[in-house]
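# Structural overview
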Amino acid sequence: MKDIMDMHLNHQPFMAIKNGTKTIEVRLNDEKRSQLKVGDKIKFTDLATGENLITEILELEQFPTFKKLFTKYAGTVIGSPENESIDELDKENREIYSRQREQKYGALAIRVKLL
């Protein structure tokens, strides 16, 4: 088995994975994330508290853009408010990932389960 991949999360999405409401982590499908395989483990670290969670990847789904991803997955399953629009999600995500990087790598939905 490969090493556990480390990823950092803000406190709110970290707690949403911990309490079981967030089951899909949304990331840029960059060099690091494109190495992921179903069955791999991800260690999420809460940026606020330093607490860790270990999850297992159940499914990986690639999308050409985050907007396409948010058309399929939105709300609590990705750790966002239920009533948040695709445009709002896309705008927030642009604060994390530039359009250039999104066009280069695409988006990745990582379905995880807490271990």
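This text goes with the structure placed above it.
Given the structure is predicted, the values throughout are model-derived calculations rather than measurements.

Rules used in this analysis
Residues numbered from 1 in each chain as written. Predicted model: local features only at pLDDT ≥ 70, side-chain atom pairs only at ≥ 80, totals over all residues. Heavy atoms only, no water. Buried < 20%, exposed > 50% of the residue type's maximum accessible area, 1.4 Å probe, protein only. Helix = DSSP H or I, 4+ residues; strand = E, 2+ residues; numbered from the N terminus. Pairing = 2+ DSSP bridges. Axes fitted to C-alpha atoms, helices over the stretch in contact; angles between N-to-C directions. Contact = heavy atoms within 4.5 Å. Polar contact = N/O pair within 3.5 Å; in protein donor to acceptor, adjacent residues only side chain to side chain. 1 Å grid on protein atoms, 1.4 Å probe; cavity = no way out; pocket = protein on both sides within 12 Å on 5 of 7 lines; lining within 4 Å. Points joined across faces, edges and corners; volume = space filled by probe spheres on them. Nonpolar A, V, L, I, M, F, W, Y, C, P; charged D, E, K, R; others polar.

## Quick notes on the pairing of strand β3 (residues 41-46)
- The element β3 is largely enclosed, with a buried count of five among its six residues.
- Strand direction decides the pairing type here: strand β1 (residues 5-9) and β3, joined by five bridges, are parallel. Following the sheet pairing, H8 is matched in β3 by T45.
- Where β3 and strand β4 (residues 52-63) come together, five bridges link them in antiparallel fashion. For F44, the partnering residue across the bridge sits in β4 and is L53.

## Re the sheet that holds β4
- Strand order across the open sheet formed by five strands is β1-β3-β4-β5-β2, with mixed pairing between neighbours. Strands at the two margins of the open sheet, each flanked by one partner only, are β1 and β2 (24-28). Mean inter-strand twist for the sheet, computed between neighbouring axes without regard to direction, equals 40 degrees.

## Observations regarding the side chain of D30
- Counting through the fold element by element, D30 comes out in the loop between β2 and β3.
- Take D30: its relative accessible area is 8%, and that puts it in the buried class.
- Apart from the residues within four sequence positions on either side, D30 is in contact with R101 and Y105.

## Describing the side chain of E61
- Along the chain, E61 turns up in strand β4.
- Of the polar contacts made by the side chain of E61, one reaches the side chain of K72; its length is 2.7 Å.
- E61 has contacts with K72, Y73, A107, L108 and A109, leaving out every residue within four places of it along the chain.

## Quick word on the layout of surface pockets
- Looking at the largest pocket, its volume works out to about 550 Å³.
- Along the walls of the largest pocket sit 21 residues, with P13, K22, V26, N93 and I96 positioned nearest its centre.
- Where the lining of the largest pocket is concerned, the elements lending two or more residues are β1, α1 (11-18), β2 and α3 (86-94).
- In terms of residue class, the lining of the largest pocket is built from ten nonpolar, six polar and five charged.

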